[in-house]
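Here is how the chains run, residue by residue.
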Amino acid sequence: MFLQKNKALFSMTIVTILLLIFGVFFMASVFKTEVGERTDFLKNTTAQGASAIHAEILDHLDVLRVLSSNAAFSQKANAGDRISALSQKEVKRCFSVVAYCDPSGVGVTDTGSRLAVGDKPYFQKALQGICNISDRQISRTETEILLAVPVIHNGVVTGALIAALDDIGQLFQESSVGFGKTEYRCILKEDGTILFSNFSVGMANFFDLIQPADGFEQLNKIKEDFISGASKTQKLQMKETTMVVSYSGIEGTDSWIFLAADDYKSIFAKANRVLLPSIFLFLILIFGFFLAFFYFFKLKKLKYETKIRNEEQKKYFTFFDPLTNLPNRKGIIRQFDVWIDRYRKESSSGGAVLLDVDNLRSINNTFGHDAGDKLLRESVERLKKVVGSQNLFGRIGSDEFIILVHGVSSESELAFFARKITKIFRQSYLINGLVVQISCSIGALLFSYRDENRKPRKFEDILGRGEFVLNKAKQTRKGNYILFNETYGNQIDRQIRLERALKFSIENEELPCYFQPQYNSFTKSITGFETLARWKSTEFGMISPGQFIPMAEKSGFIKEIGRHVIESAFSFAKSMEGRHLTVSFNASPMELLEANYADYVISRFQYYGLQPNSVAIEVTESCLIESFEKVTQKLMMLKRHGILVYLDDFGTGFSSLTYLKNLPINAVKIDKSFIDEIVTKDVEKDIVRMIIKLAGRLNLQVIAEGVETEDQIRCVSDAGCHLIQGYFISRPVPQEEVPTVFSGVQKSRTSELVRENGPESTG
Ligand code: C2E
Ligand code: CA
Ligand code: CA
């Protein structure tokens, strides 16, 4: 995460820097074009201004030139004619005063006033035949513009026309340029005198207004430009303000200059008018980027945190039970070493209490799993009140808990604690508005913190013994406790040796199969056999399947046993071919959960070349609980291949009668527990009746298991069930005794009585 965060920050920084660089360049270019445009505008204004004024001057001079050819200015003309010529409308429109002067410089104006200009340079220039223009200061603030044009008659200069424009602005107004409103414009003389301007600076000299940045070099250059009439644009410091100044010489004048200037700040401000929205847009862009980045990063962070949380949760749940938050089996194993290390200095022994909630499965089936969960949580809350902080408390199975109690040294102390717990469970529970009564079975033991070799005690030692006594309690003293003692120790040792020996039972040929007949009480004939495994151990003698099958299921050896039994069942079925029998075999849930189990059974079925319906698989409802869909599919596959399916021990599981119709089964075997009491208890009789009736509706066969007496046969027959299996017909027998079973049945048929075979043959 740190690296990731850094990477993100790094890329963000890079993008930000790139954006900033881009932004700065963009702004600069926007600014430059704006300033450039303003400067160009000034330059153009100046050039246009200069040429427009030049044109205006020429126009004015033309008016005078036309006038000069008037006969009224010949030598013979009288003063009256001259005055009337000068007063022409056309002329008066252009000039404020017009005068004619003879070569001596004496003249008369359009109003008849006299004047003498013989010594004036403009007059002298005119006498030399040069049209010219000059200025004359008439007051401190006013300047007059004078135009002088020679009067030529017969190729001889006979005088001059002098005209005055008392307002130079007239020239601008009459020219198309005019004066701009925002920038400064003026006309200067080469010596810097301001002849006219659209701003008020008094009659200052332009050069006085300049504060040259680099001494006088800049000033001198401007003066040179003014004299040569050059055009230029540059930044100038004038008084307090920085200006961009553009100037250009006006042709046809006595070195007049047209100058336009603009406040640099205002150019800047104008540029800013474009720049500011750009900056604003740019900032929005950056902000948008940051926002997007922020959310992107936040999203990533959220994802990362969720991942971490999930991982932590996963890690947590490998050691803790999500329902009760107690350490699970792994969690207890992990904590045990630390626990024993801490307490073995304080005391030499402790107690272990393993408890199992009785009948939790039926609570789940009756009230739903939710109710079962609530019950467990409530139980844990109650238990926590008696489990001290020095004790270790965990959930090691679905309905199994362990409490390791520190410092217990006597059996009476341990028994006291165990009793306290059983009492806790006996108090009724209120689950989903219902009062529920349950109990718990306990296996408890004392243990020393060090083993026989003075090493810290191993958890497995405690767990093995604890579970052993717990199972004993569940089998014999439900709702009560059993303390571990020496006898159990020996039993455990035997158990361990048994488990070891079982693994070699098949290769030592100690695991034959017996066959128990299934009998039709109506036709009085054998319809099939159930294959039942037997362990004849050389070391331990005869061990019942009730004992070794659970052992094999625990160790996984059941798969080998299963295959071994299938071989016996199928070869027996083959040997019985032609008798129309069905040989059934039992399958453990563990076998049925194997992925290729059905394929295996079918392949062996085909290998033996068996007829359809000659074999049946017996499954219990617990097989279906594990994985209903998958197991159902497998059973359907077997059925399609001609293998019958029996539902074994019917009535002991969560048997829902309506549920039966969804299962791919051919027959149900009513559990022995119902048959046991069918003669004495009406309820059992009713249940059996109901099962048989319903099975009939669903087209299922019914086999009554564990039939031991004639009365029982009569009862199930009355209820409509004629298929019987039980000691009354025959105990399970080795294959070589099967003919005896047949002959026994034959005999009894003739004597109309089926006799008991006596104790199960040990082969
Ligand atoms: P199960 O499948 O319900 O088999 C019927 C059990 O009832 C057999 O016990 C049989 O001997 C016994 N039984 C039959 N008739 C009577 C009777 O009239 N009275 C009494 N008291 N008992 C009767 P068994 O052979 O001891 O088997 C016990 C259980 O072990 C079987 O119950 C079955 O669940 C399991 N088992 C036996 N063989 C195998 C096997 O090859 N594979 C698997 N997976 N389980 C097996
Ligand atoms: Ca069975
Ligand atoms: Ca059974």
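Not measured: the values here are computed from a predicted model. (Residues numbered from 1 in each chain as written. Chains lettered and ligands numbered in written order. Predicted model: local features only at pLDDT ≥ 70, side-chain atom pairs only at ≥ 80, totals over all residues. Heavy atoms only, no water.)

K.L.:
Explain the environment of Tyr247 here, please?
P.N.:
Topologically, Tyr247 is positioned in strand β10 (residues 241-250). With residues near it in sequence (within four places) discarded, Tyr247 still touches Thr46, Ile222, Asp225, Phe226, Ala230, Ser231, Lys232, Gln234, Ile257, Phe258 and Leu259. In terms of polar contacts, Tyr247 uses its side chain to reach the side chain of Asp225, at 2.6 Å. (Helix = DSSP H or I, 4+ residues; strand = E, 2+ residues; numbered from the N terminus. Contact = heavy atoms within 4.5 Å. Polar contact = N/O pair within 3.5 Å; in protein donor to acceptor, adjacent residues only side chain to side chain.)

K.L.:
Looking at this structure, I do not really get a nonpolar patch on the surface. What am I missing?
P.N.:
A cluster of nonpolar side chains, contributed by Phe287, Leu291, Phe294 and Tyr295, occupies part of the molecular surface with about 450 Å² of accessible area. Residue position: Phe287 is located in helix α8 (residues 264-319). (Patch = residues over 30% accessible without salt bridge, like charges linked within 9 Å, V, L, I, M, F, W, Y side chains within 5 Å. Areas by Shrake-Rupley, 256 points an atom, 1.4 Å probe, with all protein chains shown as cover. Salt bridge = Lys/Arg side-chain N within 4 Å of Asp/Glu carboxyl O.)

K.L.:
How do you make sense of the pattern of salt bridges when you look at a structure like this?
P.N.:
Oppositely charged side chains can pair when the atoms bearing their charge come close. Considering all chains together, one arrives at 27 salt bridges under this definition. Of the charged contacts in the structure, one is a salt bridge between Arg604 and Glu567, with a shortest N-O distance of 2.8 Å. One end of the pair, Arg604, is in helix α18 (residues 597-607); the other, Glu567, is in helix α16 (residues 558-575), with 37 residues separating them in the sequence. Judged by its relative accessible area of 19%, Arg604 falls in the buried class. Through salt bridges with shared partners, a single ionic network connects Glu530, Glu618, Lys669 and Glu705. (Buried < 20%, exposed > 50% of the residue type's maximum accessible area, 1.4 Å probe, protein only.)

K.L.:
Would you mind showing me how to read the site of ligand 1 here?
P.N.:
The full set close to ligand 1 counts 20 residues, and Gln516, Arg534, Lys672, Glu708 and Tyr727 are the nearest of them. A distance of 3.1 Å is found between a nitrogen atom of ligand 1 and a backbone nitrogen or oxygen belonging to Ala533. In this structure, an oxygen atom belonging to ligand 1 sits 2.7 Å away from a main-chain N or O atom of Tyr727. In the complex, 81% of the free accessible area of ligand 1, which totals 790 Å², lies under the protein chains. Contributions of two or more residues to the shell around ligand 1 are made by β20 (525-533), α15 (545-555) and β25 (644-650). The greatest single-element share of the shell around ligand 1, amounting to 3 residues, is contributed by β20. (Near = heavy atom within 4 Å.)

K.L.:
Help me understand the packing of aromatic side chains in this model?
P.N.:
Note on aromatic pairs: each is described by the distance of the centres and the angle between the planes. Taken as a whole and assessed by the stated rule, the structure comprises 28 aromatic pairs. Taken together, a centroid distance of 5.3 Å and an interplanar angle of 85° make the contact between Phe529 and Phe572 edge-to-face. Taken together, the residues Phe529 in strand β20 and Phe572 in helix α16 connect sequence positions 43 residues apart. By relative accessible area, Phe529 is classed as buried at 0%. Among the aromatic residues, those joined into a ring-pair cluster are Phe336, Trp339, Tyr343, Phe447, Tyr449 and Phe459. Across from the ring centre of Tyr429, 3.7 Å away, lies the NZ or CZ of Arg382, which sits over that ring. Above the face of the Tyr607 ring, Arg604 is positioned so that its terminal group lies 4.1 Å from the ring centre. (Phe/Tyr/Trp six-rings, centres within 6.5 Å; stacked < 30°, edge-to-face > 60°. Lys NZ or Arg CZ within 6 Å of the ring centre and 35° of its normal.)

K.L.:
Which parts of the structure should I look at to understand the coordination of the calcium ion (ligand 2)?
P.N.:
Ideal values differ by geometry: the angle at a metal is 109.5 degrees with four tetrahedral donors, but 90 or 180 degrees with six octahedral donors. Protein ligation of the calcium ion (ligand 2) involves Glu530 (OE), Asn586 (OD1), Glu618 (OE) and Asp648 (OD), the donor distances falling in the range 2.1 to 2.3 Å. Between the two metals, the calcium ion (ligand 2) and the calcium ion (ligand 3), the spacing is 4.0 Å, and Asp648 donates to both. Of this pair, Asn586 sits in strand β23 (residues 582-586) while Glu618 sits in strand β24 (residues 615-619), and the two are 32 residues apart along the sequence. (Donors = N, O, S within 2.8 Å, 3.2 Å for Na, K, Ca; no water.)

K.L.:
I would appreciate a short explanation of the state of the cysteines in the present structure.
P.N.:
A covalent bond bridging the sulfur atoms of two cysteines is what the word disulfide describes. Counting across every chain of the model gives 0 disulfides. Summary of cysteine pairing: Cys94 is not part of a disulfide, and the nearest cysteine sulfur, belonging to Cys131, is at 15 Å. Classification of Cys94 by relative accessible area gives buried; the value is 6%. With no disulfide of its own, Cys721 has Cys715 as its nearest cysteine by sulfur position, at a separation of 12 Å. Residue Cys721 is classed as buried on the basis of its relative accessible area, which comes to 2%. (Disulfide = S-S within 2.5 Å.)

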